[in-house]
Amino acid sequence: LVDLRLERPRTPQPRGSEPPMLSTRLRTAMAQTLERQQQIILFLNRRGHSTFIVCEVCGQSLHCEACDVCLTHHLSARQLQCHYCGKASPLPEACPSCSGPLLELGVGTERIEAEVAEAFPAARIARLDRDAATSAEKLTELLAAFARRELDILVGTQMVAKGHDFPGVTLVCVVMADSALTLPDFRAGERTFHLLTQVAGRAGRGKDPGRVLVQSYNPEATPIARMLENDYVRFSEEELRRRQQLAWPPTTRMVAVRIDGESAHLTISVAKQLAEVAQAHLPPPSHGVRMLGPAPAPITRIKGKTRWQLVFKAPTHTAMFGILDALEAALGEVPSAVRVVIDVDPAAML
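Residues numbered from 1 in each chain as written. Predicted model: local features only at pLDDT ≥ 70, side-chain atom pairs only at ≥ 80, totals over all residues. Heavy atoms only, no water.

Quick notes on the packing of aromatic side chains
What counts here: A pair of aromatic rings is counted whenever rings of Phe, Tyr or Trp (Trp by its six-membered ring) have centres within 6.5 Å, and the orientation is called stacked for planes under 30 degrees apart, edge-to-face for over 60 and tilted otherwise. Under the scheme used here, helices are H or I runs from DSSP no shorter than 4 residues and strands are E runs no shorter than 2 residues, and both carry numbers assigned from the N terminus. Here the term buried applies to any residue with accessible area under 20% of the maximum for its type, exposed to any over 50%, and partly exposed to those in between, with areas from a 1.4 Å probe on protein chains only.
For the structure on display, the rule yields four aromatic pairs. Ring plane angle 5° and centroid distance 4.9 Å describe the contact between Phe-186 and Trp-248, whose orientation is recorded as stacked. Linking Phe-186 in the loop between β10 (169–174) and α5 (188–200) with Trp-248 in the loop between α7 (232–246) and β12 (253–261), this pair joins segments that are 62 residues apart in sequence. Judged on exposure class, the residue Phe-186 and its partner Trp-248 are both buried.

Some details on the sheet that holds strand β14 (residues 305–314)
Going by this rule: DSSP-based pairing: two strands are paired if at least 2 bridges between them are found. Fitting a line to C-alpha atoms yields each axis, with helices limited to the stretch in contact; the angle taken between N-to-C directions then spans 0 to 180 degrees.
Ordered by their spatial adjacency, four strands build an open sheet running β13-β14-β12-β15, and the pairing between neighbours is antiparallel. Every other strand in the sheet has two partners, leaving β13 (290–302) and β15 (338–344) as the edge strands with one partner each. The mean angle between the axes of side-by-side strands here comes to 20°, regardless of whether they run parallel or antiparallel. As paired strands, β12 and β15 are joined by seven bridges and run antiparallel to one another. Among the inter-strand pairings, Asp-260 is bridged to a residue of β15, identified as Arg-339.

A word on the side chain of Thr-109
Heads up, the condition is: Every residue pair with non-hydrogen atoms within 4.5 Å of one another is taken to be in contact.
With respect to the helices, strands and loops of the structure, Thr-109 is situated in helix α3 (residues 109–119). For Thr-109, a relative accessible area of 0% translates into the label buried. Each residue touching Thr-109, except ones within four places of it in the same chain, is listed here: Leu-44, Arg-46, Arg-47, Gly-48, Arg-127, Asp-129, Val-155, Gly-156 and Thr-157.

Re the sheet that holds strand β9 (residues 153–156)
Within the open sheet, the six strands sit side by side as β1-β11-β10-β2-β9-β8. Their pairing is parallel. Edge positions in the sheet fall to β1 (2–3) and β8 (125–128), since each has one partner strand and no second. As paired strands, β10 and strand β11 (residues 211–216) are joined by four bridges and run parallel to one another. By the bridge assignment for β11, Cys-173 is matched with Leu-213.

Examining the pairing of β8
Spelled out, the test is: Handedness of a crossover: with both strands directed away from the viewer, a clockwise path from the first strand across the helix to the second marks it as right-handed.
Here β8 runs beside β9; their pairing, made up of four bridges, is parallel. Pairing of Leu-128 across the sheet is with Gly-156, part of β9. Chirality of the crossover, the property in question, places the unit of β8, helix α4 (residues 136–147) and β9 among those that are right-handed.

Considering the pattern of salt bridges
To keep it simple, the criterion reads: Throughout this description, the term salt bridge denotes a Lys or Arg side-chain nitrogen within 4 Å of a carboxyl oxygen of Asp or Glu.
Taken as a whole and assessed by the stated rule, the structure comprises 21 salt bridges. With a shortest N-O distance of 3.1 Å, Glu-220 and Arg-5 are connected by a salt bridge. Note that Glu-220 is positioned in the loop between β11 and α6 (222–228) and Arg-5 in helix α1 (residues 4–7), a separation of 215 residues in sequence. For Arg-5, a relative accessible area of 40% corresponds to the partly exposed category. With a closest N to O distance of 2.8 Å, Arg-47 and Asp-131 form a salt bridge. Pair noted here: Arg-47 is in the loop between β2 (39–43) and β3 (52–55) and Asp-131 is in the loop between β8 and α4, with a separation of 84 residues, a long-range link.

Here we look at the nonpolar core
Just so we agree on the cut-off: Residues grouped as a nonpolar core are buried Ala, Val, Leu, Ile, Met, Phe, Trp, Tyr and Cys residues, joined through side-chain atoms within 4.5 Å.
Counting 29 residues, the largest nonpolar core has Ile-41, Leu-128, Phe-146, Leu-154, Val-160, Val-174 and Val-199 as its most contacted members. Contributions of two or more residues to this core are made by β2, β8, α4, β10, α5 and α6. The element contributing the most residues to this core is α5, with five residues. Leaving out residues up to four positions away in the same chain, Val-160 has contacts with Ile-41, Phe-43, Leu-128, Leu-154, Val-199 and Arg-202. Grouped together as the second largest cluster of nonpolar side chains are 23 residues, Leu-310, Ala-319, Met-320 and Val-338 included.

Structural data, given as structure tokens:
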């Protein structure tokens, strides 16, 4: 474990940039691994160079005009990109609102690749993410080169974790283990534990023993602590207990009703109307059915469409049948400009 609160470099940086993400312990481990002519995988589940740009004067961040998300700076393409609608634009010289200087914050795989190249100029480095592997052929080519040990260091997103068997890899580092923990999804902890365990399994698959470093600002978080102990049983027990206390699946059943449309006013109006229909058909409290919302979705706008949602939780699917029947009947009155999706047992909450 590398506690970034204590071990992230604090050396002065050029204006508009953050301190490096490669801790002293990680740099030492990488140098030792390269001296032994062994390979390294660095994992970070964020593409691009800087994941958000903010003005140093007025504090405004650069957002996508069509989506309620920050734009990511892709240095190689020399542009800002939205990872939801795909729109791209040049990085402005100054803040569009007040002309103040812009700060590049947040860390992506491009930034890590650049830091590694600066720290280890003699190493052969490649990046594996959706921007670098733009086709199946490029992906196969890159993985084959790494397998032939023509590369020393591979920096990548979850594409590097997907069951690859590289006997030459003896060091794996999760550059920032916290990135998925803050997502507004009750499965965030489960997915973090799963992904960290999967990427850690890439180290030491040959005759040489492997080493895994996990960098984190929140090392006490249950998914990170249990992954470091390789204790799935304890993690699952604690996670299931938490889910039960908060009435999240699998201890309850869930239905998400997603409403989206280009007109914000119309979308919100439909969401409230459907909520009234559902409220009128809620069974007595003893049945244990709860309605959350109507409320804006975690990402309120994607591709120009406003998104709202209703969430229902109950001990069984049967307890929600009356509500769902009433909602389906009400869909005939919904304007065609608004889309409504009833998602039973949703796989994701975003």
